[in-house]
Amino acid sequence: MNQERNEIIKLKSVGELRNTMANYFSRLKDAVDTGNKKIAWCTSVGPAELLYAMGFEVYFPENHGAMIGASKMADKYIPSAVSLGYSPEICSYLTSDIGAFLQNETPLQKSGFESVPKPDVLVYNTNQCHEVGDWFMFYAKHFNAPILAVNTPMWISDLTPAIIDGVANQFKDLVPELEKVSGQKLNMDKFKETVGLSHDGCVLWRRVLETAMAKPSPINFFDSAIHMGPIVVMRGTQYAVDYYKILLEELEERIENGVGAIPEEKLRIYWDGMPLWYKLSSHAKLFSSLDACIVASTYCNSWIFDDLDANNPFQSSALAYCKLFIVRSDDEKQKYLEKLLKDFSIDGVIYHDAKTCGRNSNNRYGLPNRMNDKNKIPYLEINGDLCDSRCYSEEQSIIAIETFIKQLASRK
Amino acid sequence: MYKIGIDLGSSYTKGVLVDNDNKIVDYLLTRTGFDFNKAANKIIDKFSAKHEIEYPVYTCGYGRDELKIPFVSNSEIIALSRAVFEKYQKKCSVIDIGGQDTKYIKISESGQVDKFKMNRKCAAGTGSFIEELAFKLDISTSEFTDYASLATEEVKINSYCTVFAVSEIIGMIKKGALMPNIILGIYNSVIARSLELSPIEDFLVLTGGIPDHHPIMLKLFQEKFVNCMSPEKSQFYAAWGNVLLNNLNKENNENLV
């Protein structure tokens, strides 16, 4: 490892990111403390716009799972969930989150919370997976709170009217149930405004990620995995829009001044799959020391819902959330990936096979081979997990990554 | 002056002494244990007792960056590929079965690594699978090959997991299966796992401690692939490749992987 180059160049916007996220949690805590607003739990690609428009403060358990992973506490919590009958083979966001709850611990305690915020309603969309339903059901039963679902078909190829209309109707069916909880009628103007803000935030997020097309790239995957916080938890609010304007300005300034995310960018890598949250920092250093910049990823690109349209909020929400990468057929995924590899001038692809998240592990049905046959871009598969560090063999993976980078360098 | 290449693996450390013509003139195999420096020094002490050696030494393997003496480290996959290409000078596939890792490498016509893959985080298909089963069956690993050569038919081992394989074998013994047939099944289980890494299309080269110490492995591979060879002392190839790689880099003043 090149010790002089094993750092990423920190973005100045990190301070503003911290404030934006701290304010979000502060609003959530205020709702817990005062009861002035109802609290909805929502999946990370669930109907956040509808919930914000109806006056809820919105809490995202997946964001919580990522916080547990990044704080390297998942291994302590997972066994508690396993002892309750949740298999260690299923989603480690679920097992680490429920395990932490059983141990009365949460990273939110650092922000003054006693526990996770008690839900008034839980809403999930199965576009990402069905496990979110099992996860939310645990809490719905524990808190005796209503649980609502949007059931999205899987492996979508063509986004047919039947599919979009079906999902749009499910979004509409949520409204009367949410009105019962919130005690107020849906204000369509407010919903349209929220969908508009979500669209604007997503467009800015896309522009942020697309700055990485520049050489050198001003941002890498490890930055994006942190800076995606607002688009996940504040999608549909002015806060996310305001934050991404600041971040975008800094990145454009970097491009103008030729400043890269790492000291020297010789290779450009695409990351497919989830981050290994507990290794975010050490992976950032490892790739930087190898002069390899991970410039684009499936994961961070997943929060670009720019099909949202304020003039057609239900229908466009259905389209945007069905168009999501994770719910598409492998053929559609391949087309999408091929375009990104070209647009971002990718030298090599790394597929992270996350032991407990099949839906985010796109190497399992032959896709890497099919891609490689077509574009000849080398790829590497590494085995690990999003939260459960016991599934990751660090020494073996470092050897594989170093070898892969040398393999790519030899092709230059 | 002689150069030293060292492959600091998870189970064993392999050292080679290489002359100016890139030929190996001496070998040493020692258990890695918990102290990489101790293992490396054992090799250096042995070689330097009889020959004048030059520093840095060339390292690869898990302990490649841990030495206190001057060293240049390489990826063991690239080092192994270099050595295999030096030996055969042609496009080939390599299956390397070591103590903890099993690797597949595809080497191009020009000697470059085209593709590689390593086993998952699991002992099945690696040397540890054989060693653990040998220990549980109280048969020395060196006797394993002898047993397997007496097999009349294969008893298929279904378990991926080393621990479950032991209980499966106990069940087979209870049903009257013969030990040579069971051991043949164990070898074939390791081979089947290694072949899951990639389809094999080219000339196949088998390397690593397992084929070196279990010669029946080559025979079993050759039953599946006529065009398969395993060079003598292949366990030392990554260590040798380290030195070759360095010489090549010097000649070309670039990193020719």
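Refer to the preceding data block for the structure.
Figured I'd write up the structure that's included with this text.

Right, let's get into the pairing of strand S4 (residues 57-61) of chain B. Residue and element names in this part refer to chain B. For S4, a buried count of five out of five residues is recorded, marking the element as mostly surrounded by other parts of the structure. Going residue by residue along S4, you find Val57, Thr59 and Gly61 tucked away on one face and Tyr58 and Cys60 tucked away on the opposite face as well. For strand S1 (residues 3-8) and S4, the ladder comprises four bridges, and the chain directions are parallel. What sits directly across from Leu8, in S4, is Gly61.

Among all positions in helix H8 (residues 216-224) of chain B, only Ile216(B), Met217(B), Leu220(B) and Phe221(B) are buried. Viewed along the axis of H8(B), the buried residues span an arc of 140°, placing them on a single side of the element.

Below, the discussion takes up the sheet that holds strand S7 (residues 348-354) of chain A. By definition, the strands of a sheet pair up through backbone hydrogen bonds, in either a parallel or an antiparallel sense. Residue and element names in this part refer to chain A. The strand order across the open sheet formed by four strands is S6-S5-S7-S8, and the pairing between neighbours is parallel. Bordering the open sheet on either side are strand S6 (292-297) and strand S8 (379-384), each of which pairs with just one other strand. Direction aside, neighbouring strands of the sheet carry axes that sit 30° apart on average. Of the strands in this sheet, strand S5 (267-272), S6, S7 and S8 touch helix H17 (residues 394-411), which is tilted by about 170° from S8.

Here the focus is the sheet that holds strand S7 (residues 102-107) of chain B. The strand order S8-S7-S6-S9-S10 (chain B) describes an open sheet built from five strands, whose pairing is mixed. Each having just a single partner strand, strand S8 (113-118) and strand S10 (228-229) of chain B make up the two edges of the open sheet.

To continue, consider unusual backbone geometry. Apart from glycine, the bulk of residues carry a negative phi angle, and the bulk of peptide bonds sit in the trans form. The step from Lys215(A) to Pro216(A) runs through a cis peptide bond, and the omega angle for that step is 0°. Turning to its location among the elements, Pro216(A) is positioned in the loop between helix H8 (188-210) and helix H9 (221-227). Pro56(B) follows Tyr55(B) through a cis peptide bond whose omega is 5°. By the secondary structure assignment, Pro56(B) is in the loop between helix H1 (36-50) and S4. With a phi close to 60°, Lys376(A) is a non-glycine residue in the positive phi region. Assignment of secondary structure puts Lys376(A) in the loop between helix H16 (367-375) and S8. A positive phi angle is found at Asn22(B), which is not glycine, with a value near 65°. In this structure, Asn22(B) sits in the loop between strand S2 (12-18) and strand S3 (24-31). For Asn22(B), a relative accessible area of 16% corresponds to the buried category.

Here the focus is the environment of Glu210(A). Residue and element names in this part refer to chain A. Position of Glu210 relative to the elements: it lies in helix H8. Residue Glu210 is classed as partly exposed on the basis of its relative accessible area of 30%. Put simply, Glu210 and Phe344 are 134 residues apart on the chain and 8.1 Å apart in space, counted from C-alpha to C-alpha.

As a further point, take the interface of chain B and chain A. Between chain B and chain A, the contact holds 22 residues from the first and 22 residues from the second. Summing the contributions of chain B and of chain A, the shared interface buries around 1800 Å²; its carbon and sulfur component is 50%. A salt bridge links Arg64(B) to Glu402(A), with the shortest nitrogen-to-oxygen separation between them at 3.1 Å. Counting across the chain B and chain A interface gives seven residue pairs in polar contact (both at pLDDT 80 or more).

Moving on, we come to the pattern of salt bridges. Residues and elements named next belong to chain A. For the coordinates displayed, the defined rule picks out 34 salt bridges over all chains. When the shortest N-O distance is used, the salt bridge between Glu210 and Arg206 registers 3.2 Å. Separated by four residues within a single helix, Glu210 and Arg206 lie in helix H8, roughly one turn from each other. What makes Arg206 partly exposed here is its relative accessible area of 30%. Here Lys339 ties to Asp343 by a salt bridge, and the two come within 2.6 Å at their closest N and O atoms. Here the residue Lys339 and the residue Asp343 both occupy positions in helix H15 (residues 330-343), the gap between them amounting to four residues, near one helical turn. Judged by its relative accessible area of 52%, Lys339 is exposed.

Definitions and limits used
- Residues numbered from 1 in each chain as written.
- Chains lettered and ligands numbered in written order.
- Predicted model: local features only at pLDDT ≥ 70, side-chain atom pairs only at ≥ 80, totals over all residues.
- Heavy atoms only, no water.
- Buried < 20%, exposed > 50% of the residue type's maximum accessible area, 1.4 Å probe, protein only.
- Helix = DSSP H or I, 4+ residues; strand = E, 2+ residues; numbered from the N terminus.
- Pairing = 2+ DSSP bridges.
- Arc of directions from axis to C-beta.
- Axes fitted to C-alpha atoms, helices over the stretch in contact; angles between N-to-C directions.
- Contact = heavy atoms within 4.5 Å.
- Buried area = accessible area lost by both parts, 1.4 Å probe.
- Salt bridge = Lys/Arg side-chain N within 4 Å of Asp/Glu carboxyl O.
- Polar contact = N/O pair within 3.5 Å; in protein donor to acceptor, adjacent residues only side chain to side chain.

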